[in-house]
Every structure is written in C-alpha cells, then in structure tokens.
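What the coordinates show
Below are the chains, spelled out letter by letter.
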Amino acid sequence: MSSTASRDTAADPIDDLIVDVFNRACPSRQTMETVVGKWGTLALVALTDGSYRFNALRRRVDGVSEKMLAQTLHALERDGLVTRDVQATIPPRVEYTLTAPGARIAATLRALLDALEAEIPAVMTAREDYDRRH
C-alpha cells in the first residue's frame with residue numbers, strides 16, 4: 001500500500017469532531033467570540049454589501065479603531081470567514097471579502113440586526129419604564 005493510500009484510509013480527526021458551542025473546549029467558542037462580538041458582527045454584515053478596502057470598512061463600521069478592526073479582520077480571515085486580497089499596485093490595494101461560510105453567517109447576523117433595529121422602540125420604552133421603577 002502506498003503512503004498516499006494509507007493517508008486516504010486514515011481517520012481524519014476533523015471527521016470525528018463533535019461541535020458543541022456549550023462545551024468550553026469546543027473550538028466553535030473562539031469563533032463565536034469573534035463573530036458575535038460588536039466589531040465582528042458589524043464587519044461581517046458590512047461586507048454583505050461587497051468588498052471593502054480597510055479604510056472604507058473602518059468608515060462604514062463607525063467607532064471601530066484601526067487596531068481593533070485589524071485584529072477582527074485577522075481573526076475572521078483565520079477562521080475562513082473573510083478573504084484578504086492584496087493587489088500588486090503602487091501603493092498596494094487590499095480588499096476584504098466574505099467567503100461562502102462568511103456570507104452565510106453574515107446573512108444570519110443581518111437578520112438578527114434587522115430584528116434588533118425593529119424592536120428598538122419597544123426596548124426604549126422598556127428602559128424608560130424600568131428606570132422610572134428603579
């Protein structure tokens with residue numbers, strides 16, 4: 001048997017991976033922290049509009065620092081949710097784009113943000129009522 005054949009029949013540890021976000025050892029937790037954090041969510045949803053250069057994305061995600069956006073994009077790229085395309089121009093042009101998994105997650109986040117925005121009048125009323133009682 002060749003080494004290639006033996007590798008093909010060997011069990012892939014990823015095949016045995018049981019994903020359970022409620023398990024503290026599950027690798028999905030780290031990705032969840034990036035994705036559902038304020039900056040990760042906003043960056044992913046902004047990228048549903050199409051590719052962005054870094055500074056344009058920073059302007060779109062109002063309030064994010066350069067350092068925090070860079071860290072967030074790096075983590076999203078590492079997790080395979082965003083691609084970083086460096087074009088050989090002078091100066092170099094770098095664009096960020098959603099991958100297929102990133103687009104699926106971003107669509108779900110977009111629905112969440114739409115629902116959140118729709119409920120803000122009720123939230124503001126609830127806050128006022130709560131503050132009056134306390």
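Every value quoted in this text rests on a predicted model; they were computed, and no experiment measured them.

1. Examining the pairing of strand β3 (residues 93-98)
Taken together, the 2 bridges between strand β1 (residues 52-53) and β3 define a ladder with antiparallel strand orientation. Across the sheet, the residue bridging to arginine 53 is glutamate 95, located in β3. In terms of strand pairing, strand β2 (residues 82-87) meets β3 through 6 bridges, oriented antiparallel. Residue pairing in the sheet places arginine 84 in a bridge with tyrosine 96 of β3.

2. Quick word on the pattern of salt bridges
In total, this model carries 6 salt bridges according to the counting rule given. Residue glutamate 66 pairs with arginine 58 through a salt bridge whose shortest N-O separation is 3.7 Å. Overall, the relative accessible area of 47% leaves glutamate 66 in the partly exposed class. Residue classification places arginine 58 among the partly exposed positions, given a relative accessible area of 32%. A salt bridge links arginine 110 to aspartate 114; its shortest N-O distance comes to 3.0 Å. Here arginine 110 pairs with aspartate 114, and both are found in helix α6 (residues 100-133), just 4 residues apart, close to one helical turn. Each member of the salt-bridge network shares a partner with another, and the members are Arg110, Asp114 and Glu117.

3. What about the packing of helix α2 (residues 28-36) against helix α3 (residues 38-46)?
Orientation of α2 relative to α3, taken along the N-to-C sense of each, is 70°, at an axis distance of 4 Å. For the element pair α2 / α3, the angle class is roughly perpendicular. Of the residues in α3, those in contact with Thr34, Val35 and Val36 of α2 are Lys38, Gly40, Thr41 and Leu44. Broken down by class, the residue content of the contact of α2 with α3 amounts to 3 nonpolar, 3 polar and 1 charged.

4. Quick word on the side chain of threonine 99
Within the secondary structure layout, threonine 99 lies in the loop between β3 and α6. Residue classification places threonine 99 among the buried residues on the basis of a relative accessible area of 17%.

5. Overview of the packing of α3 against α6
Direction vectors running N to C along α3 and α6 enclose 105°, while the axes themselves pass 8 Å from each other. On the basis of their axis angle, the class for α3 and α6 is roughly perpendicular. The segment α3 lies against α6, with Thr41, Leu42, Leu44 and Val45 engaging Gly102, Ile105, Ala106, Leu109, Arg110 and Leu113.

6. Some details on the nonpolar core
Core analysis: the largest hydrophobic core is formed by 23 residues, its most contacted members being Leu44, Leu47, Leu57, Leu69, Leu76, Val82 and Tyr96. Elements supplying a minimum of two residues to this core: α3, α4 (54-60), α5 (66-78), β3 and α6. Counting residues per element, this core draws most heavily on α3, which supplies 5 residues. Those residues in contact with leucine 69 that sit more than four places away from it in its chain are Ala43, Phe54, Leu57, Arg58 and Val64.

Cut-offs applied
Residues numbered from 1 in each chain as written. Predicted model: local features only at pLDDT ≥ 70, side-chain atom pairs only at ≥ 80, totals over all residues. Heavy atoms only, no water. Pairing = 2+ DSSP bridges. Helix = DSSP H or I, 4+ residues; strand = E, 2+ residues; numbered from the N terminus. Salt bridge = Lys/Arg side-chain N within 4 Å of Asp/Glu carboxyl O. Buried < 20%, exposed > 50% of the residue type's maximum accessible area, 1.4 Å probe, protein only. Axes fitted to C-alpha atoms, helices over the stretch in contact; angles between N-to-C directions. Parallel < 35°, antiparallel > 145°, perpendicular 65-115°, else oblique. Contact = heavy atoms within 4.5 Å. Nonpolar A, V, L, I, M, F, W, Y, C, P; charged D, E, K, R; others polar. Core = buried A, V, L, I, M, F, W, Y, C linked by side-chain atoms within 4.5 Å.

These results come straight from atomic positions and should not be treated as a statement about function.
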